[in-house]
Amino acid sequence: MLKLSAVCYRYPGADIDALAGIDLLLQAGDIVGLLGANGAGKTTLFSLLSGLTQPVSGQLIWQQADMRVGLVPQHLAFYSQLSIIENLTFFADIYQLQGRQRQQQLQTVIDACNLNARLKQRAATLSGGWQRRLNFAIGILQPAEVYLFDEATVGVDAQSRQQLLTAVKQLAAAGKTLLYTSHYLQEIEQIASRILVMQQGKLLLDVPLSQFGSESWQLMVQWPQQEPSGWLELLANLALTAQPIARGSIIDLSSADQWQSLNQFITAQPVQPDLIRYGKPSLEQLYLHVTGGQL
Ligand SMILES: Nc1ncnc2c1ncn2[C@@H]1O[C@H](COP(=O)(O)OP(=O)(O)OP(=O)(O)O)[C@@H](O)[C@H]1O
């Protein structure tokens, strides 16, 4: 378990906070998909979680003091003059992997990242996709409780990407906590159990992905300013489960009567919602609406 409480960060000399009051609880086995437009603060959040920078204010609270963080960074972080296998054994030394565990871990990441065919090739001469796979392998070679993936699959071909995603799922099944950023929303939809959306250093949304895969019909409503008075009371009176989103709610509906009551209320409002969606929303639809259309 890892908790962030009112975490703020501002780069030296910057005018605005890169992280502006982040509250977050991460549990073992979570695969958390972290979405946000360029500059939203995802990489900065990862820098804090991996201990590369410290918050300006707020707190990071770790369940155990010795929890380790494995990072697959957005930039390539290996030695380009070394071969794939030389890089992997070098990092195995850094991570102090020894004996059988070392052999097993090396083989696991080589298989997971499909690196077998080019183990002896110098990293500098690999294609971009292969370099990404090596970067990924180095990140998951590290024994850790929390893994952070920052745009880890950019440029990787479809088949290898599926393999990498399988490796991510296996880490979660082994009880690791994973945070995963990607601009490929289908990838997030495929692996994440929970979605966070960031914008301008703030968390706009934190919902379980089951909200999207649900078989039940849902109503998503977003208001221009704030929810009108009486809206939350109506939901409570109809015994509806509502998931709050910025300026609105996603509501599970089980009968046409419920929809009718909500519709009557909405049409009677002087200020109409700027979004009403009824159906089974995709992650992309939801994301575009909560962020105002920035992918
Ligand atoms: N080294 C830096 N110095 C000053 N400001 C920075 C620095 N790195 C990032 N920022 C600023 O901090 C904010 C958050 O940037 P960050 O890189 O965390 O966003 P991101 O969500 O990871 O974006 P991307 O999707 O482009 O990787 C942005 O406003 C960015 O301009």
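You'll find the structure just up there.
Please read all numbers here as calculations on a predicted model, not as lab measurements.

As for the sheet that holds strand β2 (residues 19-26)
Moving on, step 1. Taken together, three strands build an open sheet; the order of strands is β2-β1-β4 and the sheet is antiparallel. Each having just a single partner strand, β2 and β4 (57-62) make up the two edges of the open sheet. Mean inter-strand twist for the sheet, computed between neighbouring axes without regard to direction, equals 10 degrees.
Moving on, step 2. As paired strands, strand β1 (residues 2-9) and β4 are joined by five bridges and run antiparallel to one another. Bridging across to β4, L4 finds its partner in L60.
Moving on, step 3. Across the face of the sheet, helix α1 (residues 42-49) comes into contact with β1, β2 and β4 while running at roughly 120 degrees to β1.

Looking at the site of the ligand
Moving on, step 1. Neighbouring the ligand are Y11, A18, A37, N38, G39, A40, G41, K42, T43, T44, Q74 and H183.
Moving on, step 2. Backbone polar atom of A40 to an oxygen atom of the ligand: 3.1 Å apart, as the coordinates give it.
Moving on, step 3. Across the complex, the protein chains shield 61% of the 630 Å² of accessible surface that the ligand would expose by itself.
Moving on, step 4. Its residues assigned to classes, the shell around the ligand shows four nonpolar, seven polar and one charged.

Let's talk about the nonpolar core
Nonpolar side chains in soluble globular proteins tend to be buried together.
Moving on, step 1. The biggest cluster of nonpolar side chains holds 57 residues, and the ones touching the most others in it are L88, L115, F136, I140, L141, F149 and I195.
Moving on, step 2. A domain split of this core shows at least three residues from each of domain 1 (2-204) and domain 2 (216-279).
Moving on, step 3. Those residues in contact with I140 that lie beyond four places of it in its chain are V72, Q105, V109, A112, C113, Y147, F149, A167 and L171.
Moving on, step 4. Counting residues in each nonpolar core, the second largest holds 23 residues, with M67, L179, L196 and M198 among its members.

So, helix α9 (residues 256-267)
Side chains of residues three or four places apart in an α-helix project in the same direction, reflecting 3.6 residues per turn.
Moving on, step 1. For α9, with 12 residues, the first-to-last C-alpha span of 16 Å sits near the 16 Å given by 1.5 Å per residue.
Moving on, step 2. Among all positions of α9, only Q258, L262, F265 and I266 are buried. Each buried residue of α9 lies within a common arc of 100 degrees when the element is viewed along its axis, so the set occupies one face. Facing away from the buried side of α9, by more than 90 degrees, are the exposed residues A256, D257, Q260, Q264 and T267.

Regarding the pairing of strand β11 (residues 242-245)
Moving on, step 1. Burial along β11 is one-sided: Q243 and I245 are buried, and none of A242 and P244, which face the opposite way, are.
Moving on, step 2. By the bridge criterion, four bridges tie β11 to strand β12 (residues 248-253) in an arrangement that is antiparallel. The residue bridging A242 from the neighbouring strand is I251, located in β12.
Moving on, step 3. In textbook terms, the turn of a hairpin is the stretch between consecutive antiparallel strands, and for β11 and β12 this stretch comprises two residues, one of which, R247, has a positive phi near 55 degrees.

Considerations on the packing of aromatic side chains
Moving on, step 1. By the definition in use, this model includes nine aromatic pairs.
Moving on, step 2. An angle of 35 degrees between the planes, with centres 5.3 Å apart, marks the rings of F136 and F149 as tilted. Placement of the pair is F136 in helix α4 (residues 128-141) and F149 in strand β6 (residues 146-150), with a sequence separation of 13 residues.
Moving on, step 3. Residue classification places F149 among the buried residues on the basis of a relative accessible area of 0%.
Moving on, step 4. Ring geometry for W231 against F265: centres 5.6 Å apart, planes inclined by 40 degrees, an arrangement best described as tilted. Note that W231 is positioned in helix α8 (residues 231-237) and F265 in helix α9, a separation of 34 residues in sequence.

Rules used in this analysis
Residues numbered from 1 in each chain as written. Predicted model: local features only at pLDDT ≥ 70, side-chain atom pairs only at ≥ 80, totals over all residues. Heavy atoms only, no water. Pairing = 2+ DSSP bridges. Helix = DSSP H or I, 4+ residues; strand = E, 2+ residues; numbered from the N terminus. Axes fitted to C-alpha atoms, helices over the stretch in contact; angles between N-to-C directions. Contact = heavy atoms within 4.5 Å. Near = heavy atom within 4 Å. Polar contact = N/O pair within 3.5 Å; in protein donor to acceptor, adjacent residues only side chain to side chain. Areas by Shrake-Rupley, 256 points an atom, 1.4 Å probe, with all protein chains shown as cover. Nonpolar A, V, L, I, M, F, W, Y, C, P; charged D, E, K, R; others polar. Core = buried A, V, L, I, M, F, W, Y, C linked by side-chain atoms within 4.5 Å. Buried < 20%, exposed > 50% of the residue type's maximum accessible area, 1.4 Å probe, protein only. Domains from an automatic or database assignment. Expected span 1.5 Å × (residues − 1). Arc of directions from axis to C-beta. Phe/Tyr/Trp six-rings, centres within 6.5 Å; stacked < 30°, edge-to-face > 60°.

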